[in-house]
Amino acid sequence: MLADAMNVLDTLQRSLRNLRLSVTDRCNLRCAYCMPEEEYKWLPKRSILSFEEIARVVRVFTSLGVDKVRITGGEPLLRRELANLVRLLAANPRLADLALTTNGVLLVEQARELRDAGLKRVTVSLDTLRPETFRALARRDDLDRVLAGIQAARDAGFPGLKLDAVMIKGANDGELCDLLDYAKSVGAELRYIEYMDVGGATRWRAADVLSRAEMLERLAARFGPIEPVREISNAPAERFRLADGTVFGIIASTTAPFCSSCDRSRLTADGMWYRCLYATTGTNLRDALRSEPDDAKLAELIAGHWRARADRGAEDRLAELSRGAYAGRDELAQNPHLEMHKRGG
Ligand code: SF4
């Protein structure tokens with residue numbers, strides 16, 4: 001009989017519930033809001049957690065109350081035999097939700113296998129429907145593969161398909177409404193994401209942010225009255241409904257952060273655990289995993305750090321008057337774990 005999971009609270013009474021699991025820092029795109037630079041320092045292969053190590057650490061997290069895991073990267077579908085990890089995680093009876101965020105480029109080949117392995121939900125990043133804008137934003141020419149990947153996820157029978165679109169003024173903001181029409185046409189729920197000044201977004205400027213307020217204004221001008229969806233949720237997206245019943249979300253962590261209900265933490269592919277997207281220091285769980293055979297000791301370590309958590313990174317950033325990019329190239333070179341593509345967004 002499985003003992004009930006604990007409910008570990010941080011200093012702001014936020015539960016440890018939601019773990020974003022980066023399985024690689026590599027990516028096959030170079031999105032301007034995440035990896036705008038030419039050169040990147042990759043994590044050494046020997047430092048990367050094995051699937052067994054990941055399954056073990058997730059078991060420990062779920063004993064402390066985590067019931068949602070989202071697999072991320074870099075681009076997670078680049079990690080070979082990812083379906084084997086999904087199978088291991090899906091066997092964990094405490095996991096209520098097992099989701100994945102992908103850029104969709106490799107989804108056609110893997111959607112069915114991931115679904116059969118037990119993956120519950122998929123989110124595909126789609127910032128544009130125009131090939132020239134895709135090339136400009138991602139510096140690759142893979143829009144067709146992404147759209148085919150979305151179709152493959154539908155064909156594989158994933159319920160609750162979601163699309164994430166990072167909106168940047170002067171880059172893709174002209175497609176705000178077209179992206180929603182597209183999402184509707186493929187039966188997916190679109191979440192608009194405000195351009196965030198996270199680690200790695202070295203070109204970030206406040207002037208390029210299309211805010212939640214501006215998005216709602218433009219969408220209402222095109223689609224008519226917009227109603228908020230009344231629900232209690234810790235999910236980052238605030239949801240809205242159009243008159244025809246279409247639901248979409250906005251993740252407004254730049255202009256309207258939601259740190260007060262944040263139950264998320266992140267584990268990098270090499271086992272560094274961060275309790276906030278903006279945290280500059282984390283906990284090395286890889287060395288603990290490889291030196292401590294006792295799961296109860298690991299659980300104590302994790303619970304202790306969570307109980308001390310007071311992070312409200314996006315709110316702190318919002319309070320900064322002259323806000324520029326979060327970290328410059330030199331700082332990122334000294335501390336590559338600051339990079340969003342290492343933390344899984
Ligand atoms: S900035 Fe940090 S505390 Fe705020 S919502 Fe994001 S991860 Fe949570």
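That block above? That's the structure.
Residues numbered from 1 in each chain as written. Predicted model: local features only at pLDDT ≥ 70, side-chain atom pairs only at ≥ 80, totals over all residues. Heavy atoms only, no water.

Brief notes about the overall build of the protein
From N to C terminus, the protein includes 12 helices and 12 strands. Taking 20 Å as the expected radius of gyration for a compact globule of 345 residues, we find that the protein reaches 19 Å, a close match to that expectation. Reported as C-alpha extents along the three principal axes, the dimensions of the protein are approximately 55 × 45 × 40 Å. (Helix = DSSP H or I, 4+ residues; strand = E, 2+ residues; numbered from the N terminus. Rg over C-alpha atoms; globule rule 2.2 N^0.38 Å.)

Details of unusual backbone geometry
Cis rather than trans, the peptide bond between Gly73 and Gly74 has omega equal to 5 degrees. Along the chain, Gly74 turns up in the loop between β2 (68–72) and α2 (82–90). Phi at Gln13 is positive, roughly 60 degrees, even though this residue is not glycine. Looking at the secondary structure, you find Gln13 in the segment before β1 (18–22). Residue classification places Gln13 among the exposed residues on the basis of a relative accessible area of 58%. (Buried < 20%, exposed > 50% of the residue type's maximum accessible area, 1.4 Å probe, protein only.)

Side note on the side chain of Thr101
For Thr101, the location among the structural elements is in strand β3 (residues 97–102). Taking the relative accessible area as the measure of exposure, Thr101 reaches 15% and is therefore buried. At 2.8 Å, the side chain of Thr101 and the side chain of Arg70 are in polar contact. Here Thr101 is in contact with Arg20, Arg70, Ile71, Thr72, Pro76, Thr123 and Ser125, once residues within four sequence places are set aside. (Polar contact = N/O pair within 3.5 Å; in protein donor to acceptor, adjacent residues only side chain to side chain. Contact = heavy atoms within 4.5 Å.)

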